[in-house]
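Summary of structural features
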Amino acid sequence: MTNFAQAPFAPVAQQTEEVRGSFIIKVYQHLALAVGLFVAFEVVMFQTGLARRLADFISGGRMGWILLLGGFMLVQQIAGMSAHNLANQNLQYLGLFAMVAAQGTIFAPYLYLIFENQGGSPVWSAAVVTAIGFAGLTFVGFITRKDLTFMRPLIMWGSFCALGLIVLALIFQFDLGLWFSLAMVALAGASILYQTQNIIRRYPADAYVGAAVGLFGSLMTMFWYILRIFSRR
């Protein structure tokens, strides 16, 4: 969650209405692009058999998930930094594509196992609920006048604690359960709400790719845990 408040350029909130409108359109166009690329990436993973191979890899033991999660976190961090590099637009788009690839790779085996064992119903249901939730949070983020800056440290600490629990669950092989998934959906929702307001108030006009990448990451986190809830048996 990059904060541009101290950057030596004016945030889009201080620009003309035309600039603000153009910026917001570009943010959500790039978010839609990321979602579309993610879907295309999953189709390729399924058609080439890579999703099945990854599912076999992680089913072989806890180290498979640990390695996959570690690679995902590393690529996600690098992608986020690249996407917010305002000095190089090529790096911004490289960050967007890397984020899509990271999300697509970690989702592929999970989606494969769900389709294989339960069919597509949990996936479609989770996608619809995620879309509705994201739309509602975006609307609130746009209309609220309350400053949500206080949410930043809460989201960061919540994310660190969640990551620690995930790593412990992988190492000691215990199920985090339904309540953890519900808490993560709430955390992802808070992140979307904060990011939406932060984008409007603090991002510069040239940071639309980075803004889209940040929202995409939170959107996919929400989708992941809503999918866990729908596919839980």
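Note that the coordinates shown come from a computational prediction; the quantities given were computed from them, not determined experimentally.

1. Notes on the overall build of the protein
When helices and strands are tallied, the protein shows eight helices and zero strands. Along the protein, helices and strands appear, N-terminal first, in the series α-α-α-α-α-α-α-α. Scaling as 2.2 N^0.38, a compact globule of 233 residues should have a C-alpha radius of gyration of about 17 Å, and the protein matches this with 18 Å. When its C-alpha atoms are laid out on the principal axes, the protein stretches across 55 × 35 × 30 Å. Looking at the 233 residues of the protein, the share that counts as buried comes to 42%. Counting only contacts in the protein whose residues sit at least 6 apart along the sequence, the fraction spanning at least 24 positions is 83%. Entry remark: accessible area of the protein is about 12100 Å², with carbon and sulfur atoms responsible for 66%. Put simply, the protein has 13 plus and 8 minus side-chain charges, and the middle of one group is 7 Å from the middle of the other.

2. Structural notes on the packing of helix H4 (residues 89–118) against helix H8 (residues 208–231)
Closest axis-to-axis distance for the H4/H8 pair is 10 Å, and the angle between their directions is 10°. It follows from the interaxial angle that H4 and H8 lie roughly parallel. By residue class, the composition of the contact of H4 with H8 is 18 nonpolar, six polar and one charged.

3. What about the confidence of the model for the protein?
For the protein, mean pLDDT is 86; residues scoring 70 or higher make up 94% of the total. Segment residues 3–8 is flagged for pLDDT under 50; beyond a separation of four residues in sequence, or across chains, it makes ten contacts in the model.

4. Here's the deal with the pattern of salt bridges
Applying the stated criterion across every chain, the model contains two salt bridges. For the salt bridge of Asp-175 with Arg-228, the shortest nitrogen-to-oxygen distance reads 3.9 Å. Residue Asp-175 is found in the loop between helix H6 (151–172) and helix H7 (177–202), and its partner Arg-228 is found in helix H8; the two are separated by 53 residues along the sequence.

5. A closer look at the environment of Val-39
Along the chain, the position of Val-39 falls in helix H1 (residues 17–47). Distance from Val-39 to Leu-187, taken between C-alpha atoms, is 24 Å for residues 148 residues apart in sequence.

6. Regarding the packing of aromatic side chains
Tallying each qualifying case throughout the model produces ten aromatic pairs. With a centroid separation of 6.2 Å and 40° between ring planes, the pair formed by Tyr-28 and Phe-142 is classed as tilted. Of this pair, Tyr-28 sits in helix H1 while Phe-142 is found in helix H5 (residues 121–143), placing the two residues 114 residues apart along the sequence. Taking relative accessible area as the criterion, Tyr-28 reaches 22% and is therefore assigned partly exposed.

7. Topic: H4
Here H4 spans 42 Å end to end across 30 residues, near enough to the 44 Å set by a 1.5 Å rise per residue. The largest bend in H4 is about 35°, located at Ala-108, with the proline Pro-109 one to four residues further on.

8. Concerning the nonpolar core
Counting 63 residues, the largest nonpolar core has Phe-107, Phe-216 and Leu-227 as its most contacted members. Per-element accounting of this core gives the leading share, 15 residues, to H8. Ignoring any residue separated from it by four or fewer positions in sequence, one finds Phe-107 in contact with Phe-38, Glu-42, Met-220, Phe-223 and Trp-224.

9. Notes on the packing of H5 against H7
The angle between the axes and the distance between the axes are what describe a pair of packed helices. In contact at an axis separation of 8 Å, H5 and H7 are set at 40° when each is read in the N-to-C sense. Comparing their axes, H7 and H5 come out oblique. As for the relative orientation of H5 and H7, their crossing is right-handed in sense. Residues Phe-134, Leu-137, Thr-138, Val-140, Gly-141 and Phe-142 of H5 form the contact with H7, whose participating residues are Gly-189, Ile-192, Leu-193, Thr-196, Gln-197 and Ile-200. Residues that form the contact of H5 with H7 fall into these classes: seven nonpolar, five polar and no charged.

What counts, and where the lines are drawn
Residues numbered from 1 in each chain as written. Predicted model: local features only at pLDDT ≥ 70, side-chain atom pairs only at ≥ 80, totals over all residues. Heavy atoms only, no water. Helix = DSSP H or I, 4+ residues; strand = E, 2+ residues; numbered from the N terminus. Rg over C-alpha atoms; globule rule 2.2 N^0.38 Å. Buried < 20%, exposed > 50% of the residue type's maximum accessible area, 1.4 Å probe, protein only. Contact = heavy atoms within 4.5 Å. Areas by Shrake-Rupley, 256 points an atom, 1.4 Å probe, with all protein chains shown as cover. Lys, Arg positive; Asp, Glu negative; His and termini not counted. Charge placed at Lys NZ, Arg CZ, Asp CG, Glu CD. Axes fitted to C-alpha atoms, helices over the stretch in contact; angles between N-to-C directions. Parallel < 35°, antiparallel > 145°, perpendicular 65-115°, else oblique. Nonpolar A, V, L, I, M, F, W, Y, C, P; charged D, E, K, R; others polar. pLDDT = per-residue confidence, 0-100. Salt bridge = Lys/Arg side-chain N within 4 Å of Asp/Glu carboxyl O. Phe/Tyr/Trp six-rings, centres within 6.5 Å; stacked < 30°, edge-to-face > 60°. Expected span 1.5 Å × (residues − 1). Bend = angle between axes of the 7 residues up to and from the residue. Core = buried A, V, L, I, M, F, W, Y, C linked by side-chain atoms within 4.5 Å. Left-handed = near helix turned anticlockwise from the far one by under 90°.

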